[in-house]
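Structural characterization, general
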Amino acid sequence: MGRALRKFDIVNRMLFFFFITALLGASLFIFAILAVHNHQNRERLAEQLVGLVSVLSSGIQEEHIISVLNQKSAQTPSYEILTEQLLNITKEYSPYFHADIIKYKDNKAFLIATSQSENFAGRKVLTDYLPSQEYMEALADSAESGEPVYSKIYEREDFSYLSAFSPIRDEQGNIIAFLAINADTRYLQPREQQDTVLLFGILALIVVSTYFLLRTGINRILSPVIEKNRGLDQLQVAEKMNAIGQLAASVAHEIRNPMTVVKGFLQIFLSKEKLISFSLERKICRKPLTTVIGLR
C-alpha cells in the first residue's frame, strides 16, 4: 500500500484521502438523517392516526355497543353493524390499518368488535385480552384524559404497530368504549425506502461534484509548485548524470594513461626488433660475395 501511495503525486494523495474521509462522513450523516427522518415519519403517522380516530369515533353509534355488551353475543345485528363499520374503515384508508372497539375497565382490555379475523394474535371477541404494555399505557391515558391518544411503537406477531385511541361516549357524555386504529409500520417502508434512495443519490452527487471541484482547484493552486518541483527534479537528474559523466571520464583517463605507456613501450620494443633485424641484413649484404657463398 505504501509503495502504491508513493506513486501518486501530491494532488492524487490529497484527493484520495478526501474521498475516503468524505465517504465515511457521508455514511454517518446519512444514517443520522435517516434516523431523524424515520422518527419524524412515525410522528406524522401517529398524528394522522389521532386525527382519524377522533373523527371516526363520532360515527360509532353507542346503542350498538351497549346492545352487544348487554347481550354478549356476536350473533346480533348490532355486532354485524359494528364489524361492518370497522371493515369500512380498514378498506377506505389503508390495508395496513385495522380497527377495534375496546372497553377499558380495571386495567383490562375487553374486545367488543374488530376488523381482523376473530382469533388474530390469540384474541377473541367479547373476551378480555392482554395487549402489549405500550398499548395498555396509551389506552389508560386516553381513559384518564378523555382525549385521543397514540401509543409508542410496539411489537406483535413479529411486526411493529402504532395505535391511536379515541373515547366513544353515550348521550350523557360517559365513556363506554374506545375506537382503536392500529397501523402496521410496514406502511412506512416504501416511503422510507424512497427517501433513503433519494438521500443517497443527493449525497453521492454532492460528493462527486465536490471531488471534481476540489481536484480542479488544487490543480490550479498547486500547478506552479508542481512545475517547480518537476524542474528541480529534472535539474537534480541532470546534475547526477553530469557527475556520472565526469566520474566515467576520470576513470577512462586513469585507465588510458597506463595503456598509452604500455602501448608506447610495445611500439619501442617492436621498433627495436625491426632495427636489429635490418642491421643484420645490412651486415650480411656488405661481405664479399665469395665469402657469402662460401667459395673463399
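Keep in mind that what you see is a predicted model, and the values were worked out from it rather than measured. Every residue gets a number counted from 1 within its own chain, in the order that chain's sequence is written. In keeping with the predicted nature of the model, local features appear solely for residues at pLDDT of at least 70, side-chain atom pairs appear and are counted solely at 80 or more, and the whole-chain, interface and lining totals rest on all residues. Each side-chain value is derived from all of the structure's non-hydrogen atoms; neither hydrogens nor water enter the calculation.

**Re helix H4 (residues 77-93)**
Stated formally: By the criteria applied, helices consist of DSSP H or I runs no shorter than four residues and strands consist of E runs no shorter than two, each listed in order from the N terminus. Each residue after the first adds 1.5 Å to the expected span of a helix. Three exposure classes are used, based on accessible area relative to the maximum for each residue type with a 1.4 Å probe and protein chains only: buried under 20%, partly exposed in between, and exposed over 50%. The directions considered for the arc run from the helix axis to the C-beta atoms.
End to end, H4 covers 25 Å across 17 residues, agreeing with the expected 24 Å (1.5 Å per residue, within 8%). Of the positions making up H4, those classed as buried are Ser78, Tyr79, Leu82, Thr83, Leu86, Ile89 and Thr90. All buried residues of H4 fall inside an arc of 135° around its axis, so they share one side. Exposed and oriented more than 90 degrees from the buried face of H4 are Pro77, Glu80, Lys91 and Glu92.

**Topic: the confidence of the model for the chain**
So the rule is basically this: Per residue, pLDDT captures the predictor's confidence, and it can take any value from 0 to 100. In this description, contact between two residues means that some pair of their heavy atoms is separated by no more than 4.5 Å.
Chain-level pLDDT for the chain is 77 on average; 74% of the residues reach the 70-or-more range. Across residues 1-8 the pLDDT falls below 50, and counting only partners more than four positions away or on other chains, this stretch makes six contacts in the model. Here residues 289-296 is a poorly scored stretch, pLDDT under 50, and it has five contacts once near neighbours within four places are set aside; other chains count.

**Some details on the pairing of strand E7 (residues 175-184)**
We apply this condition: In short, DSSP must find at least two bridges between two strands for them to pair.
Judged by how many residues are buried, E7 sits mostly within the fold: nine of 10 residues are covered. For strand E1 (residues 97-105) and E7, the ladder comprises six bridges, and the chain directions are antiparallel. Considered in E7, the bridge of His98 is made with Asn182. As consecutive antiparallel partners, strand E6 (residues 159-169) and E7 are separated by five residues, and within that stretch Gly173 has a phi angle of approximately 90°, a positive value.

**Considerations on the pairing of E6**
Within E6, nine of the 11 residues are buried, leaving the element largely enclosed by the surrounding structure. Pairing geometry for strand E4 (residues 149-150) and E6, over two bridges, is antiparallel. Considered in E6, the bridge of Tyr150 is made with Ala164. As paired elements, strand E5 (residues 154-156) and E6 share three bridges and run antiparallel to each other.

**Looking at the nonpolar core**
Under the convention used in this document: Residue types Ala, Val, Leu, Ile, Met, Phe, Trp, Tyr and Cys, when buried and joined through side-chain atoms within 4.5 Å, form a set referred to as a nonpolar core.
Membership of the largest hydrophobic core comes to 46 residues, with the highest contact counts inside it found for Ile65, Ile101, Ile112, Tyr135, Leu139 and Ile181. At the level of secondary structure, the elements contributing two or more residues to this core comprise helix H2 (10-56), helix H3 (62-71), H4, E1, strand E2 (108-114), helix H5 (133-145), E6 and E7. In this structure, Ile65 is in contact with Ile60, Leu82, Ile101, Ile112, Ile168, Ile176 and Ala177, ignoring residues within four places of it in sequence.

**Considerations on the packing of aromatic side chains**
We apply this condition: The criterion for an aromatic pair is that two Phe, Tyr or Trp rings (for Trp, the six-membered ring) have centres within 6.5 Å, with stacked assigned to planes under 30 degrees apart, edge-to-face to planes over 60 apart and tilted to the rest.
For the structure shown, the criterion picks out four aromatic pairs. Aromatic pair Tyr135 and Phe165: ring centres 4.8 Å apart, planes at 90°, arrangement edge-to-face. Of this pair, Tyr135 sits in helix H5 while Phe165 is found in strand E6, placing the two residues 30 residues apart along the sequence. On the basis of relative accessibility, which here comes to 1%, the residue Tyr135 falls in the buried class. Plain terms: the ring middles of Tyr154 and Tyr161 are 6.2 Å apart, the flat faces sit at 25° to each other, and that makes the pair stacked. Here the aromatic cluster, defined as three or more aromatic residues joined through ring pairs, consists of Tyr129, Tyr135, Tyr154, Tyr161 and Phe165.

**Let's talk about unusual backbone geometry**
If you check the backbone angles, Asp106 has positive phi at about 55° while not being a glycine. Locating Asp106 in the fold gives a position in the loop between E1 and E2. You can call Asp106 exposed: its relative accessible area is 62%. The phi torsion at Asn107 lies on the positive side, around 60°, for a residue other than glycine. Considering the arrangement of structural elements, one finds Asn107 in the loop between E1 and E2. By relative accessible area, Asn107 is classed as exposed at 61%.

**As for H5**
When the terminal C-alpha atoms of H5 are compared, their 18 Å separation across 13 residues agrees well with the 18 Å that a helix rising 1.5 Å per residue should span. Three or more residues of H5 are buried, namely Tyr135, Met136, Ala138, Leu139 and Ser142. Relative to the axis of H5, the buried residues are bounded by an arc of 165° and lie together on one face. For H5, exposure combined with an orientation more than 90 degrees from the buried face picks out Gln133 and Glu144. A positive backbone phi angle near 75° is found at Gly146, which sits one or two residues after H5.

**With respect to a nonpolar patch on the surface**
This is how it is decided: A patch is a set of surface residues, each over 30% in relative accessible area and not in a salt bridge, joined within 9 Å for like charges and within 5 Å for the nonpolar side chains Val, Leu, Ile, Met, Phe, Trp and Tyr. With residues, only the protein chains shown are counted as cover, and all accessible areas are computed by Shrake-Rupley using a 1.4 Å probe. Note on definitions: salt bridges are taken to be side-chain nitrogens of Lys or Arg within 4 Å of carboxyl oxygens of Asp or Glu.
Taken together, Phe16, Phe17, Phe19, Ile20, Leu23 and Leu24 make up a surface patch of nonpolar side chains, about 540 Å² in accessible area. Positionally, Phe17 belongs in helix H2. Note on Phe17: relative accessible area 44%, which makes it partly exposed.

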